[in-house]
Amino acid sequence: MLWDEIAAFGASSCSIQRHSTVSSRLWAQSTTTDTDTVSNVLPENVKELKIHLDTGIDAQVFVGKPPTPPKLPPLVFIHGSFHAGWCWTERFFPYFIEKGYPVIALSLRGTGGTFAGEGVKKIRIDEHAADLASFLNQVPKLIDTEKKPILISHSFGGLAVMKYLEQNGERAESLGGMIIMCSVPPSGNGKMTMRFLKRSLGDSWKITAGFAMKRCIQNDFLCRDLFFGGRDDDNGVSDEDIERYQRYFARDTEAVIDIKDLLKHLPSKQAVNGKAPNVDNFPPRLVIGAQRDFIVDREGVEETATYFGVSEPLYVDSPHDVMLGRNWEITANIIENWVKESGVDEQ
């Protein structure tokens, strides 16, 4: 994710924050992460595969199919930063498989399951877009259906989808629909950074520590605040879950987005009046924000909605990780209802 402005702020303000209560909370309750033995915990009806992409990498994908030949369109999931395809398998995959949907999730280049290459630590946004294009070409074969897929993205995954559509506008019609959730907006996180700084110095510092310094991998309090709704209660995520997710986060940040490259190629640079240049060719789409999102604010969600030509985004009662935690089923229900009501399940 694009936290360069926050990182710059954090570096300049370390001495100010060092003895504050906010800072002391951030460094407390640390856990040790060992990525050598980390493996995904998968439901029985979900398989982990490796597929070769035209871009030259072997990508990790997770696939789940209903017990009978599917009549509904496939749901294709794209994750955000610090995550990988596993984040969809725990709650969403069993739910949608039971409803009769074939499901598939890609782990983006640079995660533990999709090796970026020896010594590679930075990934360009164009590489993510090219990988996504190659992956989508293989979806019909992987899940045995010719129905148009519904592309569902979260957080940084939304930005990758924007770049894919920018570069492959003619292929938008091959999608049955799109759902974009808690997405990094097309202008990146720069504007949000300034808003965070104005609203709360403490929250800005949490984001600095959590993302730019990767402290959410080691600090369970910070991990909960950023992704899972804070610490008033466990929000349906146990301490054991947090420890497991932190191990996944450590494993899945082997290589991260190249910030300097991303700043040069943000989707907003090609936008026309805030909208994607080929928005008229887009299939039906839904933009979702989370009411208790610590990472993406309401203005960011609205910017994404404008980009996709959606007049009003829908907000769910959830923290940033809408696919995990106590309220995950609220989001799943919204997705299912929208697919039915928009008619994309009949294409």
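Further up the page is the structure itself.
Notes on the structure in this doc start here. Nothing here was measured: the structure is a model prediction, and the numbers come from that model. Throughout this document, residue positions are counted from 1 along each chain, in the order its sequence is written. This being a predicted model, a pLDDT of at least 70 is required before a residue's local features are given, and a value of 80 or more before pairs of side-chain atoms are given or counted; all residues contribute to the totals for chains, interfaces and linings. Side-chain measures here rest on the full set of heavy atoms in the structure, leaving out hydrogens and waters.

Between helix α5 (residues 125–143) and helix α6 (residues 156–167), the least distance of the axes is 8 Å, while the angle of their chain directions is 75°. When the axes of α5 and α6 are compared, the pair comes out roughly perpendicular. Contacts between α5 and α6 involve I125, D126, H128, A129, L132, A133 and L136 from the former and F156, L159, A160, V161, K163, Y164 and Q167 from the latter. Interaxial angle, 0 to 180 degrees, is taken between N-to-C directions of lines fitted to C-alpha atoms, where a helix line uses only the stretch in contact. A run of DSSP states H or I qualifies as a helix once it reaches four residues; a run of E qualifies as a strand once it reaches two. Both are numbered from the N-terminal end. Each angle gets one of four labels, with under 35 degrees taken as roughly parallel, over 145 as roughly antiparallel, 65 to 115 as roughly perpendicular, and the rest as oblique. The contact criterion used is simple: two residues touch if any of their non-hydrogen atoms lie within 4.5 Å.

Another aspect to go through is the sheet that holds strand β3 (residues 75–78). Across a sheet, paired strands are connected by hydrogen bonds in the backbone, their directions being either parallel or antiparallel. Each pair of strands is called paired provided DSSP finds at least two bridges between the two strands. Spatially, β1-β2-β4-β3-β6-β7-β9-β10 is the arrangement adopted by the eight strands of the open sheet, whose pairing is mixed. The two strands at the open ends of the sheet, each matched to only one other strand, are β1 (46–52) and β10 (314–316). Each strand axis lies, on average, 25° off the axis of its neighbour in the sheet, ignoring direction. Here strand β7 (residues 177–181) runs beside strand β9 (residues 285–290); their pairing, made up of four bridges, is parallel. Counterpart to I180 in the pairing with β9 is V287. Strands in contact with α5 are β1, β2 (58–64), β3, β4 (103–106) and β6 (150–154); relative to β4, the strand with the most contacts, it is inclined by about 150°. On top of the sheet, helix α12 (residues 298–307) reaches β7, β9 and β10; it is set at about 175° to β9, its chief contact.

The terminal C-alpha atoms of α6, which comprises twelve residues, lie 17 Å apart, in line with the 16 Å expected from a rise of 1.5 Å per residue. Within α6, the full set of buried residues consists of F156, G157, G158, L159, A160, V161, M162, K163, Y164 and L165. A helix is expected to span 1.5 Å multiplied by its residue count minus one. Exposure is judged per residue with a 1.4 Å probe applied to protein chains only, and the accessible area is read against the type maximum: over 50% gives exposed, under 20% gives buried, and values in between give partly exposed.

Relative to the helices and strands, S238 is located in the loop between α9 (220–227) and α10 (239–251). Along the chain, S238 and G325 lie 87 residues apart, while their C-alpha atoms are 8.9 Å from each other. One polar contact links the side chain of S238 to the main-chain amide nitrogen of D241, over a distance of 3.0 Å. Think of a polar contact as two N or O atoms within 3.5 Å of one another; within protein, one of them needs to be a possible hydrogen donor and the other a possible acceptor, and neighboring residues in sequence only count if both atoms come from side chains.

Turning to the pattern of salt bridges, a few remarks are in order. Any Lys or Arg side-chain nitrogen found within 4 Å of a carboxyl oxygen on Asp or Glu counts as a salt bridge. Applying the stated criterion across every chain, the model contains 21 salt bridges. For K65, the salt bridge identified is with D144, shortest N-O distance 2.9 Å. Of the two residues, K65 sits in the loop between β2 and β3 while D144 sits in the loop between α5 and β6, which places them 79 residues apart along the sequence. The class of K65 is partly exposed, set by a relative accessible area of 36%. Taking the relative accessible area as the measure of exposure, D144 reaches 56% and is therefore exposed.

This brings us to the packing of helix α8 (residues 201–212) against α9. Taken N-terminus to C-terminus, the directions of α8 and α9 make an angle of 105°; their axes are 10 Å apart at the nearest point. Considering their axes alone, α8 and α9 lie roughly perpendicular with respect to each other. Between α8, through K206, I207, A209, G210 and F211, and α9, the contact on the second element is made entirely by L222, D225, L226 and F227. For this classification, the nonpolar set comprises Ala, Val, Leu, Ile, Met, Phe, Trp, Tyr, Cys and Pro, the charged set comprises Asp, Glu, Lys and Arg, and every other residue, Gly included, is treated as polar. Of the residues belonging to the contact of α8 with α9, the class tally is six nonpolar, one polar and two charged.

This part covers the nonpolar core. Side-chain atoms within 4.5 Å are what join buried Ala, Val, Leu, Ile, Met, Phe, Trp, Tyr and Cys residues into a set we call a nonpolar core. Counting residues in hydrophobic clusters, the biggest one holds 104 residues, and the most contacted among them are F77, F92, F96, F135, F227 and F308. At nine residues, the largest contribution of residues to this core is made by α5.

Now for the side chain of D261. By secondary structure assignment, the location of D261 is in helix α11 (residues 259–264). Buried D261, no salt bridge; nearest opposite-charge side chain is R124, N-O distance 5.1 Å. If sequence neighbours within four positions are ignored, D261 has contacts with R124 and I125. This count recognises Lys and Arg as positive and Asp and Glu as negative, with His and chain-terminal groups excluded.

Our next topic: unusual backbone geometry. Excluding glycine, residues mostly have negative phi values, and the peptide bonds linking residues are mostly trans. Of note in the backbone geometry, F82 takes a positive phi value of approximately 70° without being a glycine. Inspection of the secondary structure puts F82 in the loop between β3 and α3 (86–89). In this structure F82 comes out as buried when scored by relative accessible area, which is 7%. A positive phi angle, near 60°, is found at K214, a position not held by glycine.

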